[in-house]
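Residue-level structural notes
So the chains spell out like this:
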Amino acid sequence: MRDHSWAEPWRIKVVEPLRITSRAERERAIREAGHNTFLLRSDDVYIDLLTDSGTSAMSDRQWAGMMLGDEAYAGSRNFYHLQEAVERHYGFPQLIPTHQGRGAEHILSRMLIRPGDHVPGNMYFTTTRAHQELAGGTFHDVIIDEAHDPASEHPFKGDVDLDKLDAVVREVGAARVPYVSIGATVNMAGGQPISLANLRAVRDYTRHHGILLVLDATRAVENAWFIQQREPGQRRKLVADILLEMCALADGATMSGKKDSLVNIGGWLGLRDERLAEEARNLVVLFEGLHTYGGLAGRDMEAMAIGIEESVREEHVRSRIGQVLYLGRQLADAGIPIVRPVGGHAVFLDAAAILPHVPREAFPAQALAAALYVESGIRAMERGAVSAGRDAATGANRLPSLELVRLTIPRRVYTQAHMDVTAESVIALSEIREQVTGLRFTHEPAHLRFFQARFEPVSPAGLIAGEDRPERALAMATVDG
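Because the structure is predicted, anything quoted here is derived from the model rather than measured.

1. Describing the side chain of aspartate 300
Mapped onto the fold, aspartate 300 is located in helix H11 (residues 298-311). In this structure, aspartate 300 is buried with no salt-bridge partner, the nearest side chain bearing the opposite charge being arginine 299 at 5.0 Å. Ignoring sequence-local partners within four residues, the contact set of aspartate 300 consists of Met66 and Ile265.

Okay, structure coming up:
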């Protein structure tokens, strides 16, 4: 049966004018930014697809809720509103608010990981792995092989390979595995979901071995929608009910409210165990703020509580993911290599396939993102070797199987016309892709280098001749001339 067309379940009340810069202005801007789209000024960007984190448009109800902020230092009423919303829709009775998701990751890692521990997960995420490593842990990727193949149409590429997980536990011992880290959806795999059946199997395994299971619930609402649409026996369930089922399988969850929950700042750590929650509250007082505000103003907690309620509405999720699918289909129909199937929050361009002439050591994804900005004013971001960082033991650049550029769609911000322009711009750039050259580092931070690194173009001849310096290993691209 043919699906009916859909429309955005909202109408526009306030608009922000956008400025379209000239190519000369964009060339100058990307040079000043060191060919890193994170270092561009937002005023120089036309369509900003850098991230969906904190970039959503809040509703009139959320803005009204901001006026109801109780800014008491302790025991704000907004904390209790947030606590009620989290327990109702995510099921965790113990809530520790944080300034954003990485605050929750920090508290969790510091609380559970000891030097020499090992944390298996369904593909790494940058800040999550960084906190795990800073706490002395080692991350192990136990995702299914299909997740590393951008062309695979597997509907649940976020699934855990139980044999891989078991191999890690057998090698290091269950006592050295504080928890299994499950992303839902899996950002670095292309916004791919984990199935409910696989999550249950992981839960059974961890329970048998006495290991905690912790969910990265940042985009779990989107994951629940994919379960509803793709997993047998789930089509008649509400997204809100599937979300609760997912979270019921976890001992805890980290959350960035800046994604699914439609706010510009905020996050939380949700737990079931009272003893762990007490320890987390002690740590949040040290690093974030009092346990009833965790680095947030009362008004921010109120907006997040309302955003949680809005995020699980069927019409909202359908529209949100529908816009991503709309862009993905345009690119796929034009023959642009993308990660398939299209994920929840972004369309991921396969930069290695689009730029086969740019060596992996010259960071084709970083190069493609920079070139797209120069050509169109659209800001995207790299998710490949630059994001993967260096091997802690050898210092060599990690070269993950996926070298991607993420076109990330903010929620309730852009129209379908913006998606049309984006598709046309990517297609136009693909037609002159041979002109895109690689990059190398001129500045490389020690941690999460993709945020602040700087690059310069490097000629193919220079790479072959060893011009690229091993102590600086990024790269980026621009369009010649």
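2. What about the side chain of arginine 26?
Looking at where arginine 26 falls in the secondary structure, it is placed in helix H1 (residues 23-32). Although arginine 26 is buried, it makes no salt bridge; glutamate 25 carries the closest opposite charge, 6.5 Å away. In terms of polar contacts, arginine 26 uses its side chain to reach the backbone carbonyl oxygen of tyrosine 373, at 3.3 Å. Every residue in contact with arginine 26, bar those within four places of it in the chain, is listed here: Thr21, Tyr373, Val374, Glu375, Ser376 and Gly377.

3. Remarks on H1
All buried positions along H1 are accounted for by Arg26, Ala29 and Ile30. Viewed end-on, H1 has its buried residues packed into an arc of 95°, placing them on one side of the element. Exposed positions of H1 whose direction lies more than 90 degrees from the buried face are Arg31 and Glu32. Lining the buried residues of H1 we find helix H14 (364-376). Just downstream of H1, glycine 34 is the residue with a positive phi angle, here 65°.

4. Focus on the confidence of the model for the chain
Residues with a pLDDT of 70 or more make up 95% of the chain, whose mean pLDDT is 94. Counting contacts from residues 461-481, a segment whose pLDDT is below 50, to residues more than four positions away or on other chains yields 86 contacts.

Procedures and definitions
- Residues numbered from 1 in each chain as written.
- Predicted model: local features only at pLDDT ≥ 70, side-chain atom pairs only at ≥ 80, totals over all residues.
- Heavy atoms only, no water.
- Helix = DSSP H or I, 4+ residues; strand = E, 2+ residues; numbered from the N terminus.
- Buried < 20%, exposed > 50% of the residue type's maximum accessible area, 1.4 Å probe, protein only.
- Lys, Arg positive; Asp, Glu negative; His and termini not counted.
- Salt bridge = Lys/Arg side-chain N within 4 Å of Asp/Glu carboxyl O.
- Contact = heavy atoms within 4.5 Å.
- Polar contact = N/O pair within 3.5 Å; in protein donor to acceptor, adjacent residues only side chain to side chain.
- Arc of directions from axis to C-beta.
- pLDDT = per-residue confidence, 0-100.

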